[in-house]
Amino acid sequence: MGMKYIDGEMLKKAFLAGAKGLEAKKEWINELNVFPVPDGDTGTNMTMTIMSAAREVAAIEHPDMESLAKAISSGSLRGARGNSGVILSQLFRGFTKEIKTVDKITTTTLANSFVRATETAYKAVMKPKEGTILTVAKGMADKAVELVTETEDIIEFCQKVIEHGDYVLSQTPEMLPVLKQAGVVDSGGQGLMQVVKSALDCLMGKELDLSVEGAASAGSVSGSAAVTDDFDIKFGYCTEFIVNLEKPYDEKSEHEFKGYLESIGDSIVVVSDDDIVKVHVHTNDPGLAIQKALTFGSLSRMKIDNMREEHQEKLIKDSEKLAAQQKADEEKNAGPRKPYGFISVSVGEGLDEIFKGIGADYLIQGGQTMNPSTEDMLNAIDRVNADTVYILPNNKNIILAAEQAKKLTKDKHVIVIPSRTIPQGITALINFAPDLSAEENEKVMTEEMQRVKTGQITYAVRNTMIDNIEITEGDIMALGDHGILAVGKAIEHTALESLKSMVDDESELITIYYGADVSEEDAETLREKAEESFGDCEVELHPGGQPIYYYLISVE
């Protein structure tokens, strides 16, 4: 006899299984991202979104459909991070609108829930794109409607829906050429499939670990407000140096060298350029990396940092900074309410200072490496004592979370300026005019930031093909507003090549923000060469302090 329904206790376990299943595969899903940049994205964002809901679900002792629906919907919505996380939260929101009206879930309820979930998610995205998580969700919903008259068995129903979902996922590269060229399926769709497969495993009786850390205190602390020391650093020393080659060094040598470094550490970057090799590795024994490198030549620019010590110092510093920020917020909110205020997403001390200097009231730490959640946005809105609050997401993957926070805010007028990069956000804020209305400012700020071209210089973490450009692990990449600007072996050369793609006859200003891994000396050299190459443009240089990206470059 098959399974005819799902009750509250069964749904609780299935949802937790789905969350844990996604968490276990998040790094694999991250690796499906088209751009091989060194930061977590889809898998991380979807996991943090669903785990926010899982903590609330796990805390329910006597689950019924109404309490589960509220926990799943509210928890995922407030914890939503990145585009994929927001879409996942909307799928859950639509799903729960159906289940909260019943005591037990049947195949008919599931079919209706799948359809409602898909409709809700599509509505949340301004310009839905096929070949994404939305397509996979719609494929499963369509199959669910087809099957509802064929079987009442929950297990058989779910197996066939999942089988079709896998098929639709396999077709996503045919819908999005960029996926086909990179040789991957859509990462968001893969994440969704992982959730439903793990949930089905639970329903079928598979023994799974359903424990969720922090369940007892779910919702008590926001992600941005807590300073905790749960960060596990496997390899403690960040080791960097340059090998001045004195012995033969070919592709085989480089492959063997990388293999050795992988055996003693991680976060490895080995970049060769003529007669030098730049090396970066996290390891517990820097001496081993140094000894191996010495077999190829002499070393220079050696730098070894104790990351565990730095992490402890950062925790203390962040705690002090948070306390100071909270005190400042309290003092601000104690005064008269302003007509307008500004929230900006930022990353790096230098960029923080720039945003504060041009008028930002509150900064949310985040960006590409850690997308802020909807709840982070809501907390920030609450702390800005103003009638109208402008949000500058400064990253395309944060805009949806900001829009969700806007919808959830009732006591203030929230305007999201859809800035996709840090330079766009800076330009938008600079162009705010106090004498204009809120709507007029929204129009002006949006128009002005769209005149900014942005290049972001980082390194590749795997081999791939994008825009018909072959990229090898360790290559330096310049990412533009609409794709790859340049790929090379050296940071400075790649940055200058990216400028050639951005600067035209109408360009007047080049602004360079250098990151945490770039010395002031190297940044100044790039500025001088940019001035030589683009004499008609004024060139400005600012310390940004951003991680991951060596340079953020804007052209106006």
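Read on for an overview of the structure. A quick note: this is a predicted structure, and the numbers were derived from the prediction, not measured.

## Quick notes on the overall build of the protein chain
Then, number 1: Summing up its helical and strand segments, the protein chain has 20 helices and 16 strands in all.
Then, number 2: Sorting the 556 residues of the protein chain into buried and exposed places 53% on the buried side.

## Comments concerning the packing of helix 14 (residues 349–357) against helix 17 (residues 422–430)
Then, number 1: In contact at an axis separation of 10 Å, helix 14 and helix 17 are set at 15° when each is read in the N-to-C sense. With respect to helix 17, the element helix 14 is oriented roughly parallel. Considering the relative orientation of helix 14 and helix 17, their crossing is left-handed. Note on element contacts: helix 17 touches helix 14 through Ile422, Gly425, Ile426 and Leu429, opposite Leu351, Ile354 and Phe355.
Then, number 2: In the contact of helix 14 with helix 17, the residues fall into 6 nonpolar, 1 polar and no charged.

## Some points on helix 4 (residues 65–79)
Then, number 1: Helix length check: helix 4 (15 residues) gives 21 Å between terminal C-alpha atoms against 21 Å at 1.5 Å per residue, within 8%.
Then, number 2: For helix 4, the full list of buried residues reads Met65, Leu68, Ala69, Ala71, Ile72, Ser73, Gly75, Ser76, Leu77 and Gly79.
Then, number 3: Buried-residue contacts for helix 4 involve helix 1 (8–24), helix 3 (42–58), helix 5 (82–99), helix 15 (374–383) and helix 16 (399–408).

## Description of unusual backbone geometry
Then, number 1: Positive phi is not limited to glycine here, since Arg301 has a value of about 50°.
Then, number 2: Inspection of the secondary structure assignment puts Arg301 in strand 4 (residues 297–306).
Then, number 3: Although it is not a glycine, Ile548 sits at a positive phi angle of roughly 70°.
Then, number 4: Positionally, Ile548 belongs in the loop between strand 15 (538–543) and strand 16 (551–555).

## Observations concerning the sheet that holds strand 12 (residues 476–480)
Then, number 1: Spatial strand order, 13-12-9-16-14-15: 6 strands in an open sheet with mixed pairing. Looking at strand neighbours, the two that pair on one side only are strand 13 (483–488) and strand 15, the edges of this open sheet. Adjacent strand axes in the sheet meet at a mean angle of 20° when their direction is disregarded.
Then, number 2: Judged from the 5 bridges that link them, strand 12 and strand 13 form a sheet pairing that is antiparallel. Bridged to Ile476 within strand 13 is Gly488.
Then, number 3: Sitting on the sheet, helix 20 (residues 520–533) is in contact with strand 14 (509–514), strand 15 and strand 16, with an inclination near 170° to strand 15.

## Here we look at the environment of Asp7
Then, number 1: Among the structural elements, Asp7 can be located in the segment before helix 1.
Then, number 2: The spatial distance from the C-alpha of Asp7 to the C-alpha of Lys104 is 4.9 Å, given a sequence separation of 97 residues.
Then, number 3: There is a polar contact of 2.9 Å between the side chain of Asp7 and the backbone nitrogen of Met10.

## Some points on empty space enclosed by the protein
Empty space among the atoms can be located by rolling a probe the size of a water molecule over them.
Then, number 1: Across all of its chains, the model carries 1 cavity of 30 Å³ or more by this definition.
Then, number 2: Each pocket or cavity is described by its volume, and for the largest cavity that value is around 540 Å³.
Then, number 3: Around the largest cavity sit 28 residues that line it, and Phe92, Phe95, Phe114, Val196 and Ala199 are the ones nearest its centre.
Then, number 4: Mapped by element, the contributors of at least two residues to the lining of the largest cavity are helix 1, helix 5, helix 6 (107–124), helix 7 (133–147), helix 8 (154–175) and helix 10 (187–203).
Then, number 5: Here the element with the most residues in the lining of the largest cavity is helix 10; it accounts for 6 residues.
Then, number 6: Looking at the lining of the largest cavity, its residues break down into 26 nonpolar, 2 polar and no charged.

## Focus on the packing of aromatic side chains
Then, number 1: By the definition in use, this model includes 10 aromatic pairs.
Then, number 2: Aromatic side chains Phe95 and Phe114 sit 6.3 Å apart centroid to centroid with 55° between the ring planes, which places their arrangement in the tilted category. In this pair, Phe95 sits in helix 5 while Phe114 sits in helix 6, placing the two residues 19 residues apart along the sequence.
Then, number 3: Here the aromatic rings of Tyr249 and Phe296 are separated by 5.2 Å at their centres, their planes lie at 85°, and the arrangement is edge-to-face. One end of the pair, Tyr249, is in the loop between strand 1 (237–245) and helix 11 (251–264); the other, Phe296, is in the loop between helix 12 (286–293) and strand 4, with 47 residues separating them in the sequence.
Then, number 4: Among the residues examined, Tyr249 registers a relative accessible area of 17% and is labelled buried.
Then, number 5: Residue classification places Phe296 among the buried positions, given a relative accessible area of 11%.
Then, number 6: Ring pairing ties together the aromatic residues Tyr340, Phe342, Tyr390 and Phe432, which thus form one cluster.
Then, number 7: Against the face of Tyr5 rests Lys104, its NZ or CZ located 4.1 Å from the ring centre.

## Remarks on the pattern of salt bridges
Then, number 1: Counted according to the given criterion, the structure contains 25 salt bridges.
Then, number 2: The closest approach of N and O atoms between Arg81 and Asp376, which form a salt bridge, is 3.6 Å. On the criterion of sequence distance, the pair formed by Arg81 in the loop between helix 4 and helix 5 and Asp376 in helix 15 is long-range, its members being 295 residues apart.
Then, number 3: The exposure class of Asp376 is buried, given its relative accessible area of 5%.
Then, number 4: Residue Asp504 is joined to Lys453 by a salt bridge in which the shortest nitrogen-to-oxygen separation is 2.9 Å. On the criterion of sequence distance, the pair formed by Asp504 in the loop between helix 19 (491–502) and strand 14 and Lys453 in strand 9 (residues 453–459) is long-range, its members being 51 residues apart.
Then, number 5: Residue classification places Asp504 among the partly exposed residues on the basis of a relative accessible area of 38%.

Conventions and cut-offs
- Residues numbered from 1 in each chain as written.
- Predicted model: local features only at pLDDT ≥ 70, side-chain atom pairs only at ≥ 80, totals over all residues.
- Heavy atoms only, no water.
- Helix = DSSP H or I, 4+ residues; strand = E, 2+ residues; numbered from the N terminus.
- Buried < 20%, exposed > 50% of the residue type's maximum accessible area, 1.4 Å probe, protein only.
- Axes fitted to C-alpha atoms, helices over the stretch in contact; angles between N-to-C directions.
- Parallel < 35°, antiparallel > 145°, perpendicular 65-115°, else oblique.
- Left-handed = near helix turned anticlockwise from the far one by under 90°.
- Contact = heavy atoms within 4.5 Å.
- Nonpolar A, V, L, I, M, F, W, Y, C, P; charged D, E, K, R; others polar.
- Expected span 1.5 Å × (residues − 1).
- Pairing = 2+ DSSP bridges.
- Polar contact = N/O pair within 3.5 Å; in protein donor to acceptor, adjacent residues only side chain to side chain.
- 1 Å grid on protein atoms, 1.4 Å probe; cavity = no way out; pocket = protein on both sides within 12 Å on 5 of 7 lines; lining within 4 Å.
- Points joined across faces, edges and corners; volume = space filled by probe spheres on them.
- Phe/Tyr/Trp six-rings, centres within 6.5 Å; stacked < 30°, edge-to-face > 60°.
- Lys NZ or Arg CZ within 6 Å of the ring centre and 35° of its normal.
- Salt bridge = Lys/Arg side-chain N within 4 Å of Asp/Glu carboxyl O.

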